[in-house]
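Coordinate inspection notes
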Amino acid sequence: MTSVELEHCVSCGSLEQTERRQYARLSAIGDHLEAVTPATGVHGVFSGRVDSDVVVTTQKDTSIVDEDVDQIRDRS
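The rules behind the values
Residues numbered from 1 in each chain as written. Predicted model: local features only at pLDDT ≥ 70, side-chain atom pairs only at ≥ 80, totals over all residues. Heavy atoms only, no water. Helix = DSSP H or I, 4+ residues; strand = E, 2+ residues; numbered from the N terminus. Contact = heavy atoms within 4.5 Å. Core = buried A, V, L, I, M, F, W, Y, C linked by side-chain atoms within 4.5 Å. Buried < 20%, exposed > 50% of the residue type's maximum accessible area, 1.4 Å probe, protein only. pLDDT = per-residue confidence, 0-100. Pairing = 2+ DSSP bridges. Axes fitted to C-alpha atoms, helices over the stretch in contact; angles between N-to-C directions. Phe/Tyr/Trp six-rings, centres within 6.5 Å; stacked < 30°, edge-to-face > 60°. Lys NZ or Arg CZ within 6 Å of the ring centre and 35° of its normal.

**Looking at the overall build of the protein**
Secondary structure assignment for the protein yields 2 helices and 4 strands. Starting at the N terminus, the α and β elements of the protein follow one another as β-α-β-β-β-α. Long-range contacts, defined as pairs at least 24 residues apart, comprise 67% of the intrachain contacts of the protein with a sequence gap of at least 6.

Right, here's the structure in full:
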């Protein structure tokens, strides 16, 4: 099964956005996932990893990014 890690900036207060991303992935493709876990980061970082492969990284945490969803579907 596939694992997803969502790294977010703690000092930016982006935990709520990360929780929304986590919920969105579990709702959309939860049957393809082993886990969707948050990870702490700094300096405005947001990154998404699928099985340790970085699929998206940005310094702005403004919208839900779906590149990892596509990656997971491709691996299934």
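**Overview of the nonpolar core**
In this structure, Val4, Leu6, Ile29, Leu33, Val36, Phe46, Val50, Val55 and Val56 together form the largest nonpolar core, which totals 9 residues. At the level of secondary structure, the elements contributing two or more residues to this core comprise strand 1 (2-9), strand 2 (33-41), strand 3 (46-50) and strand 4 (53-58).

**Remarks on the environment of Tyr23**
Mapped onto the fold, Tyr23 is located in helix 1 (residues 15-29). Look at Tyr23 and you get exposed, because its relative accessible area is 61%. Tyr23 sits 13 residues away from Val36 along the chain, and the two C-alpha atoms are 8.7 Å apart.

**Comments concerning the confidence of the model for the protein**
In this model, the protein carries a mean pLDDT of 81, and residues with pLDDT of at least 70 account for 80%. By mean pLDDT, helix 2 (residues 67-75) is the weakest element of the protein at 68, and strand 2 is the strongest at 92.

**Digging into the sheet that holds strand 3**
With respect to topology, 4 strands assemble into an open sheet ordered 2-1-3-4, the strand pairing being mixed. If you trace the sheet from one side to the other, it starts and ends with strand 2 and strand 4, each paired once. Looking at each pair of strands side by side, their axes are set apart by 15 degrees on average, direction ignored. Both strand 1 and strand 3 contribute to a ladder of 5 bridges, which runs antiparallel. Counted as the bridge partner of Val4 is Val50 from strand 3.

**What to know about the packing of aromatic side chains**
One pair of aromatic rings is described through two measures. These are the centre distance and the angle between the planes. Applying the stated criterion to the full structure yields 0 aromatic pairs. In this structure, Arg21 is placed above the aromatic ring of Phe46, and the distance from its NZ or CZ to the ring centre is 3.9 Å.

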